[in-house]
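Given next are the chains, with one letter for each unit.
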Amino acid sequence: MSAGGPRHGTIVDRRPSGGGLSGALGSYVVRDDEDDRYYSFDYRQIVTEGFRTIRTGERVRFHTSAESPDRAEFVIRLNQPDPAEYYR
């Protein structure tokens with residue numbers, strides 16, 4: 001369950017591990033535009049119709065987790081890249 005309404009932020013970091021129950025999944029860090037707080041999440045929280053990946057610098061909308069206030073969930077990319085540009 002989500003703890004509050006949608007928030008907007010920018011992806012500021014991607015780490016190759018640290019997400020998921022075993023810590024083996026890649027994790028991301030988003031900085032909230034409103035209060036400059038940082039929240040982490042892994043690819044399972046990315047809501048998409050395509051690849052579950054995000055690049056540093058991308059803008060997203062997200063909710064904060066009710067169970068863990070430093071975690072983001074339901075992360076949605078706001079600017080989908082052009083596939084041809086993405087794979088250059």
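Naming follows an unreviewed UniProt entry, where the chain appears as Cold shock domain-containing protein of Streptomyces broussonetiae.

Draft legend 1. Focus on the overall build of the chain. A tally of helices and strands in the chain yields one helix and six strands. Within the chain, the proportion of its 88 residues that are buried is 28%. Considering only intrachain contacts with a sequence separation of at least 6, the fraction spanning at least 24 residues in the chain is 47%.

Draft legend 2. A look at the pattern of salt bridges. With the rule as written, the count across this model stands at eight salt bridges. When the shortest N-O distance is used, the salt bridge between arginine 7 and aspartate 32 registers 2.3 Å. One end of the pair, arginine 7, is in strand S1 (residues 7-19); the other, aspartate 32, is in strand S2 (residues 25-32), and 25 residues separate them in sequence. The exposure class of arginine 7 is partly exposed, given its relative accessible area of 21%. Taking the relative accessible area as the measure of exposure, aspartate 32 reaches 1% and is therefore buried. Among the salt bridges present, the one from glutamate 58 reaches arginine 77, with a minimum N-O distance of 3.0 Å. Here arginine 77 lies in strand S6 (residues 72-77) and glutamate 58 lies in the loop between strand S4 (46-47) and strand S5 (59-64), a separation of 19 residues in the sequence. A single burial state applies to glutamate 58 and to arginine 77, both of which are buried. One network of salt bridges, with partners in common, ties together Arg7, Asp32 and Asp35.

Draft legend 3. The arrangement of the environment of arginine 55 in detail. Looking at where arginine 55 falls in the secondary structure, it is placed in the loop between S4 and S5. Between the alpha carbons of arginine 55 and isoleucine 11 there is a distance of 7.0 Å; along the sequence they are 44 residues apart.

Draft legend 4. Layout of the side chain of arginine 77. The class of arginine 77 is buried, set by a relative accessible area of 8%. Only 3.0 Å separates the side chain of arginine 77 from the side chain of glutamate 58, close enough to count as a polar contact.

Draft legend 5. Broad picture of the nonpolar core. Core analysis: the biggest nonpolar cluster contains 11 residues, these being Ile11, Tyr28, Val30, Tyr39, Phe41, Ile46, Ile54, Val60, Phe62, Ala72 and Val75. Elements with a minimum of two residues in this core: S2, strand S3 (38-42), S5 and S6.

Scoring rules and cut-offs
- Residues numbered from 1 in each chain as written.
- Predicted model: local features only at pLDDT ≥ 70, side-chain atom pairs only at ≥ 80, totals over all residues.
- Heavy atoms only, no water.
- Helix = DSSP H or I, 4+ residues; strand = E, 2+ residues; numbered from the N terminus.
- Buried < 20%, exposed > 50% of the residue type's maximum accessible area, 1.4 Å probe, protein only.
- Contact = heavy atoms within 4.5 Å.
- Salt bridge = Lys/Arg side-chain N within 4 Å of Asp/Glu carboxyl O.
- Polar contact = N/O pair within 3.5 Å; in protein donor to acceptor, adjacent residues only side chain to side chain.
- Core = buried A, V, L, I, M, F, W, Y, C linked by side-chain atoms within 4.5 Å.

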